Amino acid sequence: MNTDNILDFLKNTGQDSLARYIESCEPVTKASLLDALSRTDNRIMEHIKSRGETGTASSYGGRIAPLNALTLSAIDKQREKFTRCGLGAIREGKLALLLLAGGQGTRLGHDSPKGCFNIGETRELYIFELLIAHLSDVVREAGTHIHLYVMTSLENNAPTISFFKEKNFFGYDPDYIHFFIQEQNPVLSTDGHFLLSTPTELCYSPNGNGGWALSLEKAGLIDEMKSFGVEWVNVFSVDNVLQRMADPVFFGAILDQGLTSGAKVVRKNAPDEKVGAMCTLDGKPYIIEYYELSREMSLETNPDGSLAYGYGVILNYIFRLDKLIASNAKAMPLHAVKKAVPYMNLSDDGTLEPVVPKEPNAIKFETLALDLVHEMDDCLVFEVDREKEFAPVKNKTGIDSVDTARELLKKNGYVL
Ligand code: UTP
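Residues numbered from 1 in each chain as written. Predicted model: local features only at pLDDT ≥ 70, side-chain atom pairs only at ≥ 80, totals over all residues. Heavy atoms only, no water.

Engineer: What should I look at first to understand the overall build of the protein in this one?
Structural biologist: Within the protein one finds 15 helices and 19 strands. Against the 2.2 N^0.38 benchmark of 22 Å for 416 residues, the protein shows a C-alpha radius of gyration of 22 Å, consistent with a compact globule. For the protein, the share of sequence-separated contacts (at least 6 apart) that also reach a separation of at least 24 residues comes to 76%. As displayed, the protein has an accessible area near 18,800 Å², and 49% of this comes from carbon and sulfur atoms. (Helix = DSSP H or I, 4+ residues; strand = E, 2+ residues; numbered from the N terminus. Rg over C-alpha atoms; globule rule 2.2 N^0.38 Å. Contact = heavy atoms within 4.5 Å. Areas by Shrake-Rupley, 256 points an atom, 1.4 Å probe, with all protein chains shown as cover.)

Engineer: Explanation requested: the packing of helix α1 (residues 3-12) against helix α3 (residues 27-38) in the structure shown.
Structural biologist: Packed helix pairs are specified by the crossing angle of their axes together with the interaxial distance, meaning the distance between the axes. Two numbers describe how α1 lies on α3: the axes approach to 9 Å, and their chain directions differ by 85°. Relative to α3, the element α1 lies roughly perpendicular. Contact residues: Thr 3, Ile 6, Leu 7 and Leu 10 in α1; Leu 34, Asp 35, Leu 37 and Ser 38 in α3. Its residues assigned to classes, the contact of α1 with α3 shows five nonpolar, two polar and one charged. (Axes fitted to C-alpha atoms, helices over the stretch in contact; angles between N-to-C directions. Parallel < 35°, antiparallel > 145°, perpendicular 65-115°, else oblique. Nonpolar A, V, L, I, M, F, W, Y, C, P; charged D, E, K, R; others polar.)

Engineer: Honestly, unusual backbone geometry in this entry has me stumped. Any pointers?
Structural biologist: The backbone of Asn 168 sits at a positive phi, close to 55°, despite the residue not being glycine. Mapping Asn 168 onto the fold places it in the loop between α7 (157-166) and β4 (177-181). You will see that Phe 169, though not glycine, has its phi angle at about 55°, which is positive. Its place among the elements puts Phe 169 in the loop between α7 and β4. Accessibility expressed as a relative area gives 12% for Phe 169, which makes it buried. (Buried < 20%, exposed > 50% of the residue type's maximum accessible area, 1.4 Å probe, protein only.)

Engineer: In this structure, what is going on with helix α4 (residues 42-49)? I would like to understand it.
Structural biologist: Think of an α-helix as 3.6 residues a turn; residues three or four steps apart then line up on the same face. Here α4 has its buried residues at Ile 44, Met 45, His 47 and Ile 48. Buried residues of α4, viewed axially, fall in a sector of 155°; they line one side. Considering only its buried residues, α4 is in contact with α1, α3, β5 (184-186), β6 (188-189), β15 (335-339) and β18 (362-366). Phi turns positive, to about 50°, at Arg 51, one or two residues after α4. (Arc of directions from axis to C-beta.)

Engineer: Even after reading the chapter, I still don't get the site of the ligand, so can you show me in this structure?
Structural biologist: Close to the ligand lie 20 residues, the nearest being Leu 100, Gln 104, Thr 106, Gln 182 and Lys 394. Take Gly 208: an N or O atom from its main chain is 2.8 Å from an oxygen atom of the ligand. Considered on its own, the ligand offers 560 Å² of accessible surface; in the complex 93% of this is hidden by protein. Here the residues of the shell around the ligand are counted per class, giving six nonpolar, nine polar and five charged. (Near = heavy atom within 4 Å. Polar contact = N/O pair within 3.5 Å; in protein donor to acceptor, adjacent residues only side chain to side chain.)

Engineer: Just checking my understanding: could you explain the pattern of salt bridges for this structure?
Structural biologist: Any two side chains of opposite charge can pair, on the condition that their charged atoms come close. Applying the stated criterion across every chain, the model contains 23 salt bridges. Measuring nitrogen to oxygen at the nearest pair gives 3.1 Å for the salt bridge that ties Glu 92 to Lys 94. A relative accessible area of 24% places Lys 94 in the partly exposed class. If you follow the salt bridges from partner to partner, you end up with Lys 114, Asp 239 and Lys 394 in one network. (Salt bridge = Lys/Arg side-chain N within 4 Å of Asp/Glu carboxyl O.)

Engineer: I keep staring at the layout of surface pockets and nothing clicks. Help me out?
Structural biologist: Over the atoms a probe the size of a water molecule is rolled, and this reveals where empty space is left. Its volume calculated, the second largest pocket comes out at about 640 Å³. If you go around the second largest pocket, you meet 28 residues; those closest to its centre are Gln 104, Thr 106, Glu 155, Ala 340 and Pro 342. Tallied by class, the residues present in the lining of the second largest pocket amount to 12 nonpolar, 11 polar and five charged. (1 Å grid on protein atoms, 1.4 Å probe; cavity = no way out; pocket = protein on both sides within 12 Å on 5 of 7 lines; lining within 4 Å. Points joined across faces, edges and corners; volume = space filled by probe spheres on them.)

Take a look at the structure:
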């Protein structure tokens, strides 16, 4: 939207106090706020105009059907062949890694990036350190380093880089670690109004875990990857401390089957476990969120009695780069997500006061990694053992927490 129209837009959408506040600012701040507002994604503007009725993605319509997985036993039978194939391609430099570390980790509530969290009990053992240790296992096996791209947010980029430097990149070759910052979107209050984070800036949040493809491209890093000979990207989250990335067996299985993408999955521990489940939507790979799955569907079984929608994704995907670029040309759907976001409350008289809410007070607009899977023609559903590869750190305590992750690390022989 043109900067000249912004003030009218604010007034027409019930944001008179913000319009008056901007008009009262000194020229530099006024220009910068108007400029920031004018660069807002059109879909967010639509969301404001329609009071949340349109603009962002809701569930897709279409026919959902189960999608079979390559099971642990089937993988075991072909392990040697897959490993050979995967290691060969890794040695040729065809795989790059993409660590998603731009999240805000609000549920964990740690005051530095989640990867800097110390999961050790009697010694220091950081999440980033564990991930680099897992990666180093493959580096040793393959006899070559693998390029690792780390996606950060504007907010956590500097602390993430200093942490890696301070820890000497945990022994990984720094020439193979590349940091980049993901794009961000303005945050709205739940009644659809822009929020201020300081007297001179709007509230922003990172654009979600699907934002990496566009952000990589904008930063010119897809071209850089291609110049290194990279053809595939393995995307994974920061918060699974048992995460196995650059897994030669997983990568080799995708190559062996001539597919264009793959997703690591675990068997759900209950039909209603809160994980996205692999399936197809109108014949294309899709991940159905747990809240979209009806009770009936969640209980549906295969002829062998296993759950038809029983494979949950663990945010570890491999994509063929050329397919990704083609799909990326389309705008990724934006999802509206309610979260607790600190902001400056603007009173009618123009005074500002900081607020740190405990309950969700705002809407963030995020793209999701799972929407990229749906853009692919096919996807290998690759089962892994959840006890060995799935220990997410989302919360402080309870389900998927520091406590459960520590338990699983110990079960896998880690001394904490
Ligand atoms: P989550 O969806 O769990 O979000 O991220 P989060 O921000 O880390 O945590 P909460 O919801 O605020 O508690 C899953 C993965 O996606 C990354 C996270 O860093 C994590 O690896 N992510 C998430 C990004 O890289 N960018 C984002 O904008 C959001």
